[in-house]
Amino acid sequence: MSAPISEAGDIPVSEPTSVVTYSPVVLDVPGRAVSLEMKVSAPETGSDLPVILLSHGHGMTNFLSSLNGYGPLANFWAAHGFVVIQPTHLDSVALGLREADDPQAPLYWRTRGEDMHHILDRLDEIEAAVPGLAGRLDRGRIAVAGHSLGGATASMLLGMRVTDPNDGIEVDLTDARVKAGVIFGAPGSAEGLADWAAEHYPVTKGNNFSNMRGKALVIAGDKDLNPNFSERLSYRWDTYTLSPGPKTLLTVFGAEHMFGGISGYDAVEASDENPERVSTLRALAWAYLRSALYEDDASWDKAVAELEARPEPFGRIESK
């Protein structure tokens, strides 16, 4: 059973509000294989709303890795004051492009970052397309969140650089408009990278975190171990370990790659289904972004205090 849309566990959050969801919003992007489609979820009321760009993973399900996935996160964040924009990246199974004759297939890692740039460049069009949204966004408070390959997309916007395996050129897709991020289970560095990943996804050899200076909460599961990528458990928190601050690492005890089911309600791909974990994580992410985007907001401190007061430890938090 999945957690209710507004459930936050015992983490203190704002009162939930009604949410308006609109999709697809379509942007025609010259040179892109198909138009860029997205879903926008927003509080029904309110102004000066902060924005989260939410990047899906590369999973094998038909629609969770698209604008139709990640409801447990998107619905909660929108109900608690954020406008959430979810693009469908070109690697989504729903688009059928993974086997295309394209040097970026199957991951389309570069266009994922470019998708986010297009969204930010054309926020006026997106606002106009969604009934009742025009004039309600706070363009000075934009965050990014992503899971798995989406975590790599978020990391690129925050400063991670990637060496293109096709030409050996290091790609920088940093976007200063993005002020903070939340990164779930992102790929790590080439250290100890498994032969399978190096062969099938050679771009994973080129992640460079040394310039990733954006503020971020990195969330890693202490059971998130996939030998196809690395036998090194710390692989999934390289985003924290190898990047400069300010960063916070939340290591979640008992969590596997789906963190209890963040990619969808009752998702079959969640090998560690745990609605309480999902409720806690999305509330912690909300609290982190509130405090990261609003200088005097104490949501994160309150959330950490509540987490540390639990009789059974949820995870471990460290910062730099």
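This structure is a prediction, so every number in the text was calculated from the model and none was measured. (Residues numbered from 1 in each chain as written. Predicted model: local features only at pLDDT ≥ 70, side-chain atom pairs only at ≥ 80, totals over all residues. Heavy atoms only, no water.)

Trainee: Give me the sheet that holds strand 6 (residues 161-163): which residues, what numbers.
Mentor: Paired through their backbone hydrogen bonds, the strands of a sheet run either parallel or antiparallel. Taking strand neighbours across the sheet as the criterion, the 3 strands line up as 7-6-9 in an open arrangement whose pairing is antiparallel. Of all strands in the sheet, those bounded by a partner on one side alone are strand 7 (170-172) and strand 9 (207-208). (Pairing = 2+ DSSP bridges. Helix = DSSP H or I, 4+ residues; strand = E, 2+ residues; numbered from the N terminus.)

Trainee: An account of the nonpolar core is requested, with residue identities and associated values reported.
Mentor: Ranked by internal contacts, the top residues of the largest apolar core, which has 46 residues, are Met38, Val40, Val83, Ile85 and Ile119. Among the elements that line this core, the one with the most residues is helix 4 (residues 149-157), at 5 residues. Other than its neighbours up to four places away in sequence, Met38 contacts Tyr22, Ser23, Pro24, Val25, Leu27, Leu67, Ile85, Gln86, Pro87, Ile119 and Ile126. Listed in part, the 41 residues of the second largest apolar core include Ala143, Leu217, Ala283 and Tyr294. (Core = buried A, V, L, I, M, F, W, Y, C linked by side-chain atoms within 4.5 Å. Buried < 20%, exposed > 50% of the residue type's maximum accessible area, 1.4 Å probe, protein only. Contact = heavy atoms within 4.5 Å.)

Trainee: Give me the pairing of strand 3 (residues 49-55): which residues, what numbers.
Mentor: The buried count for strand 3 comes to 7 of 7 residues, which makes it a mostly enclosed element. Side chains of strand 3 alternate between two faces, with Leu49, Val51, Leu53 and Ser55 and Pro50, Ile52 and Leu54 buried alike. As judged from the 6 bridges shared by strand 3 and strand 5 (residues 137-147), these two strands associate in the parallel manner. Its bridge partner being in strand 5, Ile52 is matched across the sheet by Ala143. Looking at chain direction, strand 3 and strand 4 (residues 83-87) are connected through 3 bridges and run parallel. Each bridged residue has a counterpart across the sheet, and for Leu53 the counterpart in strand 4 is Ile85. Handedness of the crossover joining strand 3 and strand 4 through helix 1 (residues 71-79): right-handed. (Right-handed = clockwise from strand over helix to strand, strands pointing away.)

Trainee: Account for the pairing of strand 5, with residues named and values stated.
Mentor: Where burial is concerned, most of strand 5 is hidden: 8 out of the 11 residues are buried. The pairing of strand 5 with strand 8 (residues 178-184) spans 6 bridges and is parallel. Each bridged residue has a counterpart across the sheet, and for His147 the counterpart in strand 8 is Phe184.

Trainee: Which residues make up helix 7 (residues 275-293), and what values go with them?
Mentor: Counted at 1.5 Å a residue, the expected span for helix 7 with its 19 residues is 27 Å, and the 27 Å between its end C-alpha atoms agrees. Of all 19 residues in helix 7, 16 are buried; the element is thus mostly enclosed. (Expected span 1.5 Å × (residues − 1).)

Trainee: Describe the sheet that holds strand 8, with residues and values.
Mentor: Read from one edge of the open sheet, 9 strands run 1-2-4-3-5-8-10-11-12, paired in mixed fashion. Two strands in the sheet have a free side with no partner beyond their single neighbour: strand 1 (19-27) and strand 12 (315-319). Averaged over all pairs of adjacent strands, the angle between strand axes in this sheet comes to 15°, irrespective of strand direction. Where helix 2 (residues 109-121) meets the sheet, its contacts fall on strand 1, strand 2 (36-43), strand 3, strand 4, strand 5 and strand 8, and the angle it forms with strand 3 comes to roughly 155°. Against the sheet, helix 4 makes contact with strand 3, strand 5 and strand 8, and its axis sits at roughly 140° relative to strand 5, the strand it touches most. (Axes fitted to C-alpha atoms, helices over the stretch in contact; angles between N-to-C directions.)

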